[in-house]
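# An overview of the molecular structure
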Amino acid sequence: MNEYDSARVAAFLEFNGWFPAAAAEKADMILVNTCSVRAKAEENAIARIRELRKLRVESGELRVGILGCMAKNRGESLRKDLPFIDFILGPDEYYKLPEIINSQLSTLNSQLELFAKLTNNYSAFVAIQSGCNMRCSYCIVPYVRGMERYREPESILKEIEAAAAQGVSEVVLLGQTVNGYRFKGLSFAGLLRQAADVKGIERIRFISPHPKHYTGELLEILMGEPKIAPHVHLPAQSGSNSILKKMKRQYTRENYLSIVEALRSWNPLYGITTDIICGYPGETEEEFEETLSLLREAQFDSAFMFAYSSREGTPSASEKELITKQEKKARLQKTIDLQSTITLERAKLMIGRTERILLEKPSRKNPNEWVGKTGNFKKVIVGATLAVAPTITGAYINCKISAVQGHTLRGTIND
Ligand code: 5AD
Ligand code: SF4
């Protein structure tokens, strides 16, 4: 969501005649988009912003603005630590940007909402929902991003059509609980169906769905519509029912596993990735073990794993943290180690298969190789022969997977 917001602000500025500076030293304005989800994210952001102090102080022209969730979460109090900053705008306040930058631009406010937001020329991120109505006990997002709002389907589809007309073939629908989308009579499944009908769109993804909103109707379209990529990022957070309850996640381990079972019995290679939090306040050794057993049972293709981070203002922040920092770290490490083995096993299942992959860009390490993604969201490095044609970004090719290196697949073109 933050990457999307950054792209949206950048697109808006470019639309109004600004262009990206070659280096921070050459910029007239530096905007830092920030995240608040864990304490570490805020610490990193503050450290990065602090690095700009010298530039800002030495230049009479440069303006530095802080955007995003930390801007909203900490507001004016940020000036205590970062007195040199010029302005602070939370996620719902970007419409004020033109006013701040140049009062003459203020009539263009509405463009910020309407502008097509392409992050690259093969894939478009399209936000369909903002905010979050869940109140997971540990999570700051609802407080910084507010209540759920859904975009009108007409505007979403127009944006997808515009992207497709520019040659984009993959669309990623975005929302904090994206599959909870609804607009008048239209459900998320209905919206997916309409998106799949857009000419030129060949692959549809969405992040992040919530397990609670996995309806039969949704499963039906996921399995029935070939344009929807066979991958889901489905945050589980914990494998323990008692912790899930404390987290107010609104599903049980069994509910969660029944979604996994439905998807994998339809397609054993269905990509399922997740988010896990280790060391929630009061998490016992047994409860933690249940998370490990969930990883084994669900056979996740990969996972983002985090140590619990107390966020001021959230309900769980008032729960006493009895688990020591070391123990939390140790649990996180155990989780990472186990998942790493599973990720590798899942990757190995791909060897020998011919996969349709979307070519994204030349590999950074070796320009004679290309990076692409399979439908089930695995990164593939494709060998040399394509290097001569830089225009193939966004092309789909058939690729025979030959090996696994680290957690990345390697393959060759199979015509
Ligand atoms: N502590 C640790 N991890 C968190 N996440 C959200 N809030 C916290 C927190 N307070 C994780 C969740 C979520 C992901 C985006 O960040 O796993 O899915
Ligand atoms: Fe946070 Fe829960 Fe909303 Fe996800 S669903 S953004 S974890 S409150």
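This section reports on the structure supplied with the text. Each chain has its residues counted from 1, following the order in which its sequence is written. By the order in which they are written, chains take letters starting at A while ligands take numbers starting at 1. At least 70 in pLDDT is required for a residue's local features to be given in this predicted model, at least 80 for side-chain atom pairs to be given and counted, and no such filter applies to totals for whole chains, interfaces and linings, which use all residues. Side-chain numbers come from the whole structure's heavy atoms, not from hydrogens or water.

## Topic: the environment of G68
How we decide: Secondary structure counts use DSSP, requiring at least four H or I residues in a row for a helix and at least two E residues in a row for a strand, with both numbered from the N terminus. Exposure classes here rest on a 1.4 Å probe applied to the protein chains alone. A residue is buried below 20% of its type maximum, exposed above 50%, and partly exposed in between. For this analysis, residues touch if any pair of their heavy atoms sits within 4.5 Å.
Relative to the helices and strands, G68 is located in strand β2 (residues 63–68). Owing to a relative accessible area of 0%, G68 belongs among the buried residues under this scheme. What G68 contacts, discounting residues up to four positions off in sequence, is N33, T34, L89, G90, P91 and Y94.

## Some points on the site of ligand 2
Rules: A single heavy atom is enough: if one lies within 4 Å of a molecule or strand, its residue is considered near that molecule or strand. Gly falls in the polar group here, along with every residue not listed as nonpolar (Ala, Val, Leu, Ile, Met, Phe, Trp, Tyr, Cys, Pro) or charged (Asp, Glu, Lys, Arg).
Around ligand 2 lies a shell formed by C132, M134, C136, Y138, C139, V141, P142, Q176, T177, H210 and R249. When its residues are assigned to classes, the shell around ligand 2 shows seven nonpolar, three polar and one charged.

## With respect to the site of ligand 1
The condition is simple: Here a polar contact is recorded for every N or O atom pair within 3.5 Å, except that within protein the pair must consist of a potential hydrogen donor and a potential acceptor, and residues adjacent in sequence are included only if both atoms are side-chain atoms.
Taken together, the neighbourhood of ligand 1 is formed by V37, R38, Y138, Q237, D275, I277, F306, A307, Y308, S309 and R311. In this structure, D275 approaches ligand 1 through a side-chain N or O atom, which is 2.6 Å from an oxygen atom. Of all the secondary structure elements, the ones that give two or more residues to the shell around ligand 1 are β12 (271–278) and β13 (302–307).

## Comments concerning the packing of helix α14 (residues 285–298) against helix α15 (residues 325–348)
Quick note on the threshold: Only the stretch in contact is used when a helix axis is fitted, and all axes are lines through C-alpha atoms; the angle between N-to-C directions ranges over 0 to 180 degrees. Note that the term roughly parallel is reserved for angles under 35 degrees, roughly antiparallel for angles over 145, roughly perpendicular for angles of 65 to 115, and oblique for everything else. Two helices crossing with the near one rotated counterclockwise from the far one by less than a right angle form a left-handed crossing, whereas a clockwise rotation gives a right-handed crossing.
It is at 10 Å that the axes of α14 and α15 come closest, and there the two elements cross at 15 degrees. What the angle tells us is that α14 and α15 run roughly parallel. Along this stretch, α14 crosses α15, giving a crossing that reads as right-handed. Along its contact with α14, which presents E285, F288, L292, L295 and R296, the element α15 presents E327, R331, K334, T335, L338, Q339 and I342. Its residues placed into classes, the contact of α14 with α15 shows five nonpolar, two polar and five charged.

## Quick look at the packing of aromatic side chains
Defined as follows: Stacked, edge-to-face and tilted labels apply to pairs of Phe, Tyr and Trp rings (six-membered ring for Trp) whose centres lie within 6.5 Å, assigned for plane angles under 30 degrees, over 60, and everything in between, in that order. Note on geometry: a ring has a charge over it if NZ (lysine) or CZ (arginine) is within 6 Å of the ring centre and within 35 degrees of the ring normal.
Within this structure, the stated rule accounts for six aromatic pairs. Ring plane angle 85 degrees and centroid distance 5.7 Å describe the contact between Y150 and Y181, whose orientation is recorded as edge-to-face. With Y150 in strand β6 (residues 149–150) and Y181 in the loop between β7 (170–174) and β8 (182–183), this pair connects stretches of sequence that are 31 residues apart. Between Y256 and F300, the aromatic rings sit 6.1 Å apart at their centres with planes inclined by 65 degrees, giving edge-to-face as the arrangement. Of the two residues, Y256 is situated in helix α13 (residues 253–266) and F300 in the loop between α14 and β13; the sequence distance between them amounts to 44 residues. In this structure an aromatic cluster arises from ring pairing among Y251, Y256 and F300. A cation over an aromatic ring shows up here: R38 above the ring of F306, its NZ or CZ 3.6 Å from the ring centre. Of note, R356 hangs over the ring of Y396, and the distance from its end group to the ring centre comes to 4.2 Å.

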